[in-house]
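# Observations on the model geometry
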Amino acid sequence: MNYKEPESIGKKPREIGTDAIEPVYAEALAKFDSDDKDAQFYKLYSQLGSAITDINGIDVGLIENLLIKICLLLRLSKAATKVYKNQQDEEAGICETLSCYDNGKECVPISTLRLVTSIMSIATITAYMSPDEPPLTEDEKQKVDLVMRTILSFVSRNRLQNAVYELAYFDEAGYPNLRSWKTYLFKSAAENGFHGKLAFRYNLRHFSLINQEFGREIGTVVMKSHFDSLKEIIGENGYLARLGGDNFLGMCTTDKTRAVVDYLTQTEVRTPKGIGVNISTSAGFYRVPDNPDIVADEIMGSIINAYRVAQNGGMDSIVFYDESFLEKKGRAMKIQQMFPEALEKNEFRPFYQPKVNVMNGRLVGAEALCRWYHAGKVIPPVEFIPVLEQTSEICRLDFAMLEGVCRDMRRWADEGKQLIRVSINFSRKHILNTYLAETIAEIVDRYSIPHYLIEIEFTETTSEVELSDLKRMVTSLRELDFSVSIDDFGIGYSSLNIIKDVPWTTIKIDKDFLPDNPDDRQSVSSVMFRHVVSMTRQLGLECISEGVETQQHVMVLCNSGCDIAQGYYFDKPLPVEEFELKLILGKYEIM
Ligand code: C2E
Ligand code: MG
Ligand code: MG
C-alpha cells in the first residue's frame with residue numbers, strides 16, 4: 001500500500017506482537033491454538049484493528065504485513081483498493097490504486113465493495129481469487145467481507161484526513177497558506193527556535209500587468225515558477241507560503257540572505273512559450289534576534305512593518321527591519337513632524353552653487369540647493385529630502401524654495417545687481433499636478449522676475465506613463481517661457497526618448513558620467529561623454545556638466561565642447577551673502 005499520510009500524524013515503526021492488541025481481546029486470543037485458522041484470523045484481524053486506530057500513529061508497514069497474512073489465510077490472490085476524487089473521475093476511471101497484496105498469479109474478482117464519503121470521494125475494494133482455488137466457504141466469505149469493510153473505511157478515513165489537511169493548509173492554487181506558515185512558526189519555536197533565521201514578506205510588483213499582457217493562465221504559471229525557484233533557493237531549512245494574491249511569506253537561514261535578496265530584487269521568469277518576464281518585488285526582511293523568548297507574533301509584526309515601508313517608502317523596495325532601520329524610521333518621523341513648523345519659520349533656505357562658462361570664466365547661472373537652518377546647525381538635503389519625498393510635503397518645500405529664490409532675485413535686481421538664471425530642483429512628486437506651470441508662474445510673477453531667468457530641474461523618469469506626464473509638464477513650462485533642465489542625466493535607466501520627446505532647454509550631465517582624465521580619449525566614459533555633449537549641442541540644447549572638481553575635469557569639458565560647468569572646482573553651494581559677492585565679481589579664473 002502507499003497511503004499518503006498527513007504530516008500531523010507521527011510515525012513509529014513497531015514490532016508485531018500482542019502489545020498491539022486491545023487488552024480485552026488479548027486474554028481470549030491467547031487461549032486459541034496457533035494452528036486454529038479461526039484463531040489466527042481473529043488474532044490478525046484484531047491486530048489490524050489496533051494498527052489502523054493506533055493513537056500513536058499509523059505504521060503502514062505493519063498494516064501491509066497484516067493484510068498479506070490475512071490474504072494468505074483466506075486464500076485470496078489479490079486485493080486492490082481504488083480511490084476516486086469524485087464521481088466524474090470514477091466514470092473516467094481516473095483513480096489512485098492501492099494494492100495491498102498481489103501474488104502475481106492469474107485471478108478473478110470475487111467481491112467488490114464501494115464507499116462514498118461525505119466529501120463525495122469514492123473508494124472501492126475488490127478481492128480476487130485464483131480460478132483453481134475451491135470457492136470460499138460461507139464463513140470465509142464473511143471474514144473477507146469484514147476485512148474489506150475495515151480496509152475501505154480506513155482508506156476513506158485517511159483520504160478524508162488528507163483532504164482536510166489540504167483544505168486547511170493549502171490554498172485553492174496549491175500554495176501553502178497562512179495557517180501552514182503559522183504552524184511552521186509555532187513548530188520552529190517549539191523545536192529549534194529561530195537561531196540564525198531571516199523572515200520576510202514580499203509582494204510581486206505590477207503582477208497584474210503580467211496577467212494583462214500574457215493572460216491569467218500564463219500569469220499563474222509564471223507565479224508558480226517564481227515561487228518554486230525561490231523555494232529551491234531557500235532549501236530545507238526554511239519555508240515559503242502564500243498570504244493571498246501576489247503576497248508571500250518566507251523564512252530562510254541567514255546564509256541565504258544574499259541569494260534571496262538578489263532573487264527578489266529582479267529575476268527573469270520564462271513563460272511556457274519561452275518569453276522572459278522580469279519580476280521584481282517589494283520585500284520586508286527581519287533578522288530574527290537570537291532571543292529564545294521571541295514569539296511567532298513578534299516575527300509577523302516585524303516583517304509586516306518592514307514590508308509596509310518597502311511598499312510605501314518610495315526609495316527602497318527591499319527593506320531590512322533592524323536597529324539601523326528603526327533609527328532611520330525614528331529620524332524620518334521626527335523630520336515629518338517638524339517640517340510644517342520649520343517651513344512656517346523659514347528654516348529652509350536656498351544656497352547657490354555657481355555655474356561657470358569654462359571658455360571665458362563668466363558666471364552664467366546658479367543652482368539653488370536647499371539647506372535647513374535648525375538649532376544653530378545647517379542640515380544638508382540628504383537628511384530630509386528623501387523623507388519629504390515619501391509624502392507630498394516635498395512639493396511644499398519646492399514652492400517655498402522657488403519663492404525664496406524669487407525673493408533674493410528681486411532684491412538683487414533692486415540693488416542693481418546683474419541677474420543671472422537660477423535653477424530650482426522640483427521633485428517628481430509634482431508630476432500629477434496639472435497646474436504646476438501656472439502655480440510657478442504665479443509665484444515668479446509676484447516678484448516680477450522674467451520667466452527666462454528661472455530654470456526648473458527635473459530628474460529622469462523610469463516609466464512610459466511618467467514620460468507622457470513629464471512631456472506635458474515641461475511643454476507647459478516652456479510655453480510660459482521658463483527654462484527646464486533634465487538633472488543627473490545618464491544615471492537612470494530611461495531611454496533616449498526622454499530627450500526626443502520632451503522639449504528641454506538644458507541637459508545636466510551627472511557627475512558620474514564625467515571622465516577624470518582628459519588625455520584618455522579612448523575610454524568608454526570618455527567616448528560616451530563626448531558623444532552626449534555633441535548630441536546635446538546638435539539638438540540645439542544647452543549642456544552643463546555637474547561635479548566639476550578638478551582642473552582635469554575642466555580640460556575634459558573644454559575638449560568635449562561642453563561649455564558650462566558646475567562643481568567644487570569653482571565653488572560649493574554658497575550661503576546667499578557669499579554668493580552675492582560672486583555675483584558682483586561675475587567671473588572666475590579658469591586655470
Ligand atoms: P542635485 O540637484 O543633483 O544637486 C547637485 C548636488 O551635487 C548638490 O548636493 C551639490 O552640492 C553636489 N555637488 C555640487 N558640486 C559637486 C562636486 O563638484 N562634487 C560632488 N561630489 N558633489 C557636488 P546637495 O546640495 O547635497 O543636494 C543633493 C540633492 O538634493 C540634489 O541633487 C537635489 O536632487 C536634492 N535637492 C536639493 N535641494 C532641493 C530642493 O529644494 N528640492 C528638491 N526637490 N530637491 C532638492
Ligand atoms: Mg539639481
Ligand atoms: Mg544633479
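The shown structure was predicted, so the numbers you read here are calculated from the model rather than taken from an experiment.

Within the protein, the atoms that donate to the magnesium ion (ligand 3) are Asp487 (OD), Asp488 (OD), Glu546 (OE) and Glu546 (OE), at distances of 2.0 to 2.7 Å. For the magnesium ion (ligand 3), the single-chain donor residues occur in sequence as D-D-x57-E. The distance between the magnesium ion (ligand 3) and the magnesium ion (ligand 2) comes to 3.8 Å, with Asp487 serving as a donor to both metals. Taken together, the residues Asp487 in strand S17 (residues 483-489) and Glu546 in the loop between strand S19 (542-545) and helix H18 (551-560) connect sequence positions 59 residues apart.

All right, on to the site of ligand 1 then. In the region of ligand 1, 23 residues are neighbours, and Gln353, Asp398, Asp487, Glu549 and Tyr568 sit closest. For ligand 1, a nitrogen atom lies 2.9 Å from a polar atom in the side chain of Gln353. Asn425 has a polar side-chain atom sitting 2.9 Å from an oxygen atom of ligand 1. Alone, ligand 1 offers 800 Å² of accessible surface; in the complex the protein occludes 83% of this. Of all the secondary-structure elements, those providing two or more residues to the shell around ligand 1 are strand S13 (363-374), helix H12 (381-389), helix H13 (393-414) and S17. Looking at which element gives the most residues to the shell around ligand 1, the answer is S13, with 4 residues.

Now for the coordination of the magnesium ion (ligand 2). Distances from the magnesium ion (ligand 2) to its protein donors, namely Glu367 (OE), Asn425 (OD1), Glu457 (OE) and Asp487 (OD), fall within the range 2.1 to 2.2 Å. Of note, the magnesium ion (ligand 2) draws all its donor residues from one chain, in the sequence arrangement E-x57-N-x31-E-x29-D.

This next bit is on the domain arrangement of the protein. Taken domain by domain, the protein holds domain 1 (23-169), domain 2 (178-321) and domain 3 (354-367 + 392-585). Summarising the inter-unit geometry, the C-alpha centres of domain 1 and domain 3 are found 84 Å apart.

Right, let's get into the packing of aromatic side chains. In this description, a pair of aromatic rings is defined by centroid distance and the angle of the planes. Per the stated rule, a full pass over the model turns up 26 aromatic pairs. On the basis of an interplanar angle of 65 degrees and a centroid distance of 6.0 Å, the ring pair of Tyr286 and Tyr321 is categorised as edge-to-face. With Tyr286 in strand S10 (residues 281-287) and Tyr321 in the loop between strand S11 (318-320) and helix H11 (323-344), the pair connects residues that are 35 residues apart, well separated along the chain. Across the pair, exposure class does not vary: Tyr286 and Tyr321 are buried alike. Centre to centre, the rings of Phe351 and Tyr373 are 6.2 Å apart; their planes meet at 50 degrees, and the pair counts as tilted. Of this pair, Phe351 sits in strand S12 (residues 348-357) while Tyr373 sits in strand S13; the two residues are 22 residues apart in sequence, bridging distant segments of the chain. The partly exposed category is assigned to Tyr373, whose relative accessible area is 26%. A network of ring pairs unites the aromatic residues Tyr175, Phe200, Tyr202, Phe227, Phe248, Phe285 and Phe320 as a single cluster. Directly above the ring of Tyr175 sits Lys224, whose terminal nitrogen or CZ lies 5.9 Å from the centroid.

The next subject is the sheet that holds strand S1 (residues 78-84). One open sheet accounts for 4 strands, arranged S2-S1-S4-S3; its pairing is antiparallel. At either end of the open sheet lies a strand with only one pairing partner, and these are strand S2 (96-102) and strand S3 (108-116). Across the sheet, the mean angle from the axis of one strand to that of its neighbour is 15 degrees, orientation sign disregarded. Where S3 lies against strand S4 (residues 122-129), 8 bridges are found, and the strand directions are antiparallel. Its bridge partner lying in S4, Val108 is registered against Met129. Helix-sheet contacts for helix H5 (residues 138-169) involve S1, S2, S3 and S4, and the interaxial angle to S3 is about 40 degrees.

This brings us to the packing of helix H2 (residues 37-52) against helix H3 (residues 60-73). Between H2 and H3, the shortest axis-to-axis distance is 10 Å and the interhelical angle comes to 155 degrees. Considering their axes alone, H2 and H3 lie roughly antiparallel with respect to each other. Remark: the crossing between H2 and H3 carries left-handed chirality. From H2, Lys37, Gln40, Phe41, Leu44, Tyr45, Gln47, Leu48, Ala51 and Ile52 reach across to H3, where they touch Leu62, Ile63, Leu66, Leu67, Lys69, Ile70 and Leu73. Looking at side-chain class alone, the contact of H2 with H3 contains 12 nonpolar, 2 polar and 2 charged residues.

Our focus in this paragraph is the nonpolar core. The biggest cluster of nonpolar side chains holds 81 residues, and the ones touching the most others in it are Leu397, Ile440, Ile454, Phe458 and Trp504. Per element, the largest residue contribution to this core is 10 residues, and it comes from H13. Once you skip the residues sitting within four places of it in the chain, Trp504 turns out to touch Phe458, Leu470, Val474, Arg478, Val484, Ser485, Ile486, Ile498, Ile499 and Leu541. If you look at the next biggest cluster of nonpolar residues, it comprises 34 residues, including Cys71, Leu76, Leu113 and Ile151.

Excluding glycine, residues mostly have negative phi values, and the peptide bonds linking residues are mostly trans. Of note in the backbone geometry, Asn346 takes a positive phi value of approximately 60 degrees without being a glycine. Structurally, Asn346 can be placed in the loop between H11 and S12. Of note in the backbone geometry, Asp488 takes a positive phi value of approximately 50 degrees without being a glycine. Looking at the element boundaries, Asp488 is found in strand S17.

This part takes up helix H8 (residues 216-234). The end-to-end C-alpha distance of H8, which contains 19 residues, comes to 27 Å, matching closely the 27 Å that a straight helix rising 1.5 Å per residue would cover. Buried within H8 are the following residues: Ile218, Gly219, Val222, Met223, His226, Phe227, Leu230 and Ile234. Once H8 ends, the next one or two residues include Gly235, with phi positive near 75 degrees.

Here we come to helix H9 (residues 257-265). Among the residues of H9, those classed as buried are Thr257, Val260, Val261, Tyr263 and Leu264. Projection of H9 onto a plane perpendicular to its axis shows the buried side chains occupying an angular sector of 165 degrees, all on one side. Packing partners of the buried residues in H9 comprise strand S5 (197-204), H8, strand S7 (247-253), strand S8 (267-270), S10 and S11.

Let us look at the sheet that holds S5. Taken in spatial order, the 5 strands make up an open sheet running S6-S7-S5-S10-S11, and their pairing is mixed. Of all strands in the sheet, those with a lone pairing partner are strand S6 (239-244) and S11, marking the two edges. On average, each strand axis in the sheet is tilted by 15 degrees relative to the strand beside it, whichever way the strands run. Pairing analysis gives 7 bridges linking S5 to S10, with the strands arranged antiparallel. Residue pairing for S10: Tyr202 is matched across the bridge by Ala283. This element, H9, spans S5, S7, S10 and S11 of the sheet and lies at about 160 degrees to S10. Of the strands in this sheet, S5, S7, S10 and S11 touch helix H10 (residues 296-312), which is tilted by about 145 degrees from S10.

Basis of the calculations
- Residues numbered from 1 in each chain as written.
- Chains lettered and ligands numbered in written order.
- Predicted model: local features only at pLDDT ≥ 70, side-chain atom pairs only at ≥ 80, totals over all residues.
- Heavy atoms only, no water.
- Donors = N, O, S within 2.8 Å, 3.2 Å for Na, K, Ca; no water.
- Helix = DSSP H or I, 4+ residues; strand = E, 2+ residues; numbered from the N terminus.
- Near = heavy atom within 4 Å.
- Polar contact = N/O pair within 3.5 Å; in protein donor to acceptor, adjacent residues only side chain to side chain.
- Areas by Shrake-Rupley, 256 points an atom, 1.4 Å probe, with all protein chains shown as cover.
- Domains from an automatic or database assignment.
- Phe/Tyr/Trp six-rings, centres within 6.5 Å; stacked < 30°, edge-to-face > 60°.
- Buried < 20%, exposed > 50% of the residue type's maximum accessible area, 1.4 Å probe, protein only.
- Lys NZ or Arg CZ within 6 Å of the ring centre and 35° of its normal.
- Pairing = 2+ DSSP bridges.
- Axes fitted to C-alpha atoms, helices over the stretch in contact; angles between N-to-C directions.
- Contact = heavy atoms within 4.5 Å.
- Parallel < 35°, antiparallel > 145°, perpendicular 65-115°, else oblique.
- Left-handed = near helix turned anticlockwise from the far one by under 90°.
- Nonpolar A, V, L, I, M, F, W, Y, C, P; charged D, E, K, R; others polar.
- Core = buried A, V, L, I, M, F, W, Y, C linked by side-chain atoms within 4.5 Å.
- Expected span 1.5 Å × (residues − 1).
- Arc of directions from axis to C-beta.

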